[in-house]
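Fold and contact review
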Amino acid sequence: MDQKTREELLRLFRSKLDQAMKLYLETCTRCGVCYSACHVHESMPHLKYIAAYRAEIVRRIYNRYFKGQGRIMPHVRGADAAWSIAHLASTPR
Amino acid sequence: MNSLDAAFLVFFVGIVARVVKMVREPKHPTTLQIYPERRPKWPWALYDIFLLPTILRHKPVLWAFLMVFHIAFLLLIIGHLELIREFTVLQAIEHEVFLGKGFVGLLLSIALLYFLFRRLVSPNREMSVPEDYYLLILLFLTVLFGSQMDWARSWYEYDSLSVEDYRAYLSSLLYLRPELPENLTFSGHSFMLILHVFFANLFLMFFPFSKIMHSFFTIPMNTLRRG
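What you see is a predicted model, and the numbers here were worked out from it, not measured in a lab.

Section: the interface of chain B and chain A
The partner chain A presents 32 residues to the 34 residues of chain B that form the contact. In this assembly, chain B packs against chain A so that about 3000 Å² is buried in total across both faces, 60% of it on carbon and sulfur atoms. When residues of chain B are sorted by the area they lose upon contact with chain A, M22(B), M127(B) and M221(B) head the list and together hold 21% of the total. Our count for the contact surface shared by chain B and chain A stands at 5 salt bridges. In this structure, E25(B) and K22(A) form a salt bridge, with 2.9 Å as the shortest nitrogen-oxygen distance. Counting the contacts that link chain B with chain A gives 17 residue pairs in polar contact (both at pLDDT 80 or more). Element by element, the count of residues in the side of chain B that touches chain A is highest for helix α10 (residues 214–225) of chain B, at 7 residues. Looking at the side of chain B that touches chain A residue by residue, the class counts come to 17 nonpolar, 6 polar and 11 charged.

Structure (structure tokens):
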């Protein structure tokens, strides 16, 4: 991915970060209730049907590029953008 | 010794900074309410936050442990208030240093161990990030050393320490100028106090930068959902 596309995508991401988005990205505690609450996941227990998994794809990019922690110690929040890209690529439409 | 207490400073400044920053973010342009409701927004949001009805419906066991955890935590915070200065209302039941005598801390440790093992053996383990484990382990160590301090006092037969010594220490920490009274360091169970304060400080420093900020953020978040 070249530099220009990267910056374009990051700018697009930043434009979506309003209060609601940040609240939802920050407060997920990975508690696991959304696995049982989702009837789709109850019938087909795949990772791709978990709400927290879908949010995590976005959250890892958020943590890596839009938080101070993501630059200094990305390991703590699992701020791995490469993970997100890999999982996006493998999620079928 | 006029040193500055870093942990409490980072804690207070961090929380205030993050809450202010979050409140000042631009609001979402549309409503995030799914169905129009005639129930009043604020009581409903508070009910969601404190009684966790959704979790009760889907995972009652987790709900029970969550309630035990949070209530025990609240009781411990109230108990630590007593270590700052005297509150006559809290002495309604006579006690020496801590009301729970270590049992509230024990309940908290059991709940923490449940959360930790649940996370470790879950079939969806890859959802967890390192932060989740770090927080649980840090909190567990803090609570372990803190709650068993009271029992350790009797094991080492150092009942001579009164609540005044603890008060002098904790209040000095909160005013950000720590001063350690001599009595505390020379008692037999001082290693527990030191380790407790060490892990508690690490936890406090980690607090504003971790997911536990959900304790403050769920309030605006639940009002979003309720219109």
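There's more to say after this.
What about the packing of helix α2 (residues 41–51) of chain B against α10(B)?
Each packed pair of helices is defined by two parameters, the angle between the axes and the distance between the axes. Residues and elements named next belong to chain B. The interhelical angle for the contact between α2 and α10, taken along N-to-C directions, is 125°, at an axis separation of 9 Å. It follows from the interaxial angle that α2 and α10 lie oblique. For α2 against α10, the interelement crossing comes out right-handed. Here K41, W42, A45, D48 and I49 of α2 lie close against α10, whose contacting residues are T218, I219, N222, T223 and R225. The residue inventory of the contact of α2 with α10, partitioned by class, reads 4 nonpolar, 3 polar and 3 charged.

Points about the environment of R226(B)
Residues and elements named next belong to chain B. By the element assignment, R226 lies in the segment after α10. Distance from R226 to R39, taken between C-alpha atoms, is 8.8 Å for residues 187 residues apart in sequence. In this structure R226 touches Q33, E37, K41, W44, A45 and D48, once residues within four positions along its chain are discounted.

Let's talk about the pattern of salt bridges
Under the criterion given, the structure shown has 13 salt bridges over all chains. Close ionic contact of R11(A) with E8(A) constitutes a salt bridge, the shortest N to O distance being 3.7 Å. One end of the pair is R11(A) and the other is E8(A), both in helix α1 (residues 3–15) and 3 residues apart, which spans about a single turn. Among the residues examined, E8(A) registers a relative accessible area of 44% and is labelled partly exposed. The partner of K67(A) in a salt bridge is E26(A), and the shortest N-O contact between them spans 2.9 Å. In this pair, K67(A) sits in the loop between α5 (51–65) and α6 (68–72) while E26(A) sits in helix α2 (residues 19–27), placing the two residues 41 residues apart along the sequence. A residue is classified by how much of its surface remains accessible, and K67(A), at 13% relative accessible area, is buried. What you see here is one network of salt bridges that share partners, running through E26(A), R30(A), E56(A), R59(A), R60(A), K67(A), R77(A), R18(B), R119(B), E131(B), D132(B) and K211(B).

Details of the nonpolar core
Formed by 47 residues in total, the largest nonpolar core has its most connected members in F69(B), L112(B), F203(B) and F207(B). Elements that contribute at least two residues to this core include exactly α1 (6–23), α4 (60–81), α5 (103–121), α6 (130–155), α7 (163–174), α9 (190–206) and α10 of chain B. It is α6(B) that contributes the most residues to this core, 9 residues altogether. Once you skip the residues sitting within four places of it in the chain, F203(B) turns out to touch L135(B), L138(B), L139(B) and I212(B). Counting residues in each nonpolar core, the second largest holds 8 residues, with Y35(A), I50(A), A52(A) and W83(A) among its members.

Quick look at unusual backbone geometry
For R30(A), which is not glycine, the phi dihedral falls at a positive 50°. Relative to the helices and strands, R30(A) resides in the loop between α2 and α3 (33–37).

As for the side chain of T27(A)
Locating T27(A) in the fold gives a position in helix α2. The class for T27(A) is buried, based on a relative accessible area of 8%. Side-chain polar atoms of T27(A) contact the backbone oxygen of L23(A), separated by 2.7 Å. Sequence-distant contacts of T27(A), defined by excluding residues within four places in its chain, comprise H214(B), F217(B), T218(B) and M221(B).

Focus: the state of the cysteines
As used here, a disulfide is simply a covalent bond connecting the sulfur atoms of two cysteines. Residues and elements named next belong to chain A. Enumeration according to the criterion identifies 0 disulfides over all chains in this entry. C34 supplies the cysteine sulfur nearest to C31, a cysteine that is in no disulfide, at a spacing of 6.6 Å. With a relative accessible area of 30%, C31 lands in the partly exposed category. In this structure C34 comes out as partly exposed when scored by relative accessible area, which is 25%.

Rules behind the numbers
Residues numbered from 1 in each chain as written. Chains lettered and ligands numbered in written order. Predicted model: local features only at pLDDT ≥ 70, side-chain atom pairs only at ≥ 80, totals over all residues. Heavy atoms only, no water. Contact = heavy atoms within 4.5 Å. Buried area = accessible area lost by both parts, 1.4 Å probe. Salt bridge = Lys/Arg side-chain N within 4 Å of Asp/Glu carboxyl O. Polar contact = N/O pair within 3.5 Å; in protein donor to acceptor, adjacent residues only side chain to side chain. Helix = DSSP H or I, 4+ residues; strand = E, 2+ residues; numbered from the N terminus. Nonpolar A, V, L, I, M, F, W, Y, C, P; charged D, E, K, R; others polar. Axes fitted to C-alpha atoms, helices over the stretch in contact; angles between N-to-C directions. Parallel < 35°, antiparallel > 145°, perpendicular 65-115°, else oblique. Left-handed = near helix turned anticlockwise from the far one by under 90°. Buried < 20%, exposed > 50% of the residue type's maximum accessible area, 1.4 Å probe, protein only. Core = buried A, V, L, I, M, F, W, Y, C linked by side-chain atoms within 4.5 Å. Disulfide = S-S within 2.5 Å.

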